[in-house]
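Examining the three-dimensional arrangement
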Amino acid sequence: MTRSASALTIEWIQPEIAGEEWEFSHHPAKQSFYLKHGLDWEKIAAGFAAGRLVPFPRRGEIEGLPVHLCYHTYEDYSRYLAKAKRGYRLNYNRMEAALQQSGCLTLPAPIIIESNGEALLFSGYRRLCLAWNYGMVPYVWLFSISK
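To start, this report covers the structure provided alongside it. (Residues numbered from 1 in each chain as written. Predicted model: local features only at pLDDT ≥ 70, side-chain atom pairs only at ≥ 80, totals over all residues. Heavy atoms only, no water.)

**Quick word on the overall build of the protein**
The helix and strand inventory of the protein stands at six helices and nine strands. Within the protein, the proportion of its 147 residues that are buried is 44%. In the protein, once contacts between residues fewer than 6 apart in sequence are set aside, the share between residues at least 24 apart is 72%. In the structure as shown, the protein presents an accessible area of about 7600 Å², 52% of it carried by carbon and sulfur atoms. (Helix = DSSP H or I, 4+ residues; strand = E, 2+ residues; numbered from the N terminus. Buried < 20%, exposed > 50% of the residue type's maximum accessible area, 1.4 Å probe, protein only. Contact = heavy atoms within 4.5 Å. Areas by Shrake-Rupley, 256 points an atom, 1.4 Å probe, with all protein chains shown as cover.)

**A look at helix H3 (residues 41-48)**
Buried within H3 we find Trp 41, Ile 44, Gly 47 and Phe 48. Each buried residue of H3 sits inside an arc of 140° when the element is viewed along its axis, so together they form one side. Those residues of H3 that are exposed and angled more than 90 degrees off the buried face are Glu 42 and Ala 46. Residues of H3 that are buried sit in contact with helix H1 (21-25), helix H2 (31-36), strand E7 (111-115), strand E8 (118-123) and strand E9 (139-144). (Arc of directions from axis to C-beta.)

**A look at the sheet that holds E9**
Pairing in this open sheet of six strands is mixed, and the strands run E3-E9-E7-E8-E5-E4 from one edge to the other. Only two strands of the sheet have a single partner each, and these edge strands are strand E3 (52-55) and strand E4 (61-62). Sheet topology note: the E7/E9 ladder contains four bridges and is parallel. Across the sheet, residue Ile 112 finds its bridge partner in E9, namely Leu 142. Relative to E9, H3 is tilted by about 115°, and along the sheet it contacts E7, E8 and E9. (Pairing = 2+ DSSP bridges. Axes fitted to C-alpha atoms, helices over the stretch in contact; angles between N-to-C directions.)

This is how it looks when you write it as structure tokens:
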């Protein structure tokens, strides 16, 4: 477990890969990354356990690698989350209200996949935004898969 701190706190824990298959099979913007790197669900699931929690400041790279679809700028946030469909935004609002009310949340870390010198935000954009919007450095679950 790792903490991101400000006046409020988020404790980041290892996420579970179970339940994340939708991100692989249905998210249209991510399909080109999977195809380019020859990734299938079995490779992702098998490589997941070797990951580690690492800090992910608000920028477009992690450990010197570009991170596709991390939407780290304020302009990106305005476009993708602030104006998102009600259902997508509602989950963020619930997390934000819980953080403000309790002062501390424990959340599964967002997931980033690295493959052959590039990385992809696989899941967890709302959790990243929550931390970034409160001046925290979130932690992500980073794991590597090679072709």
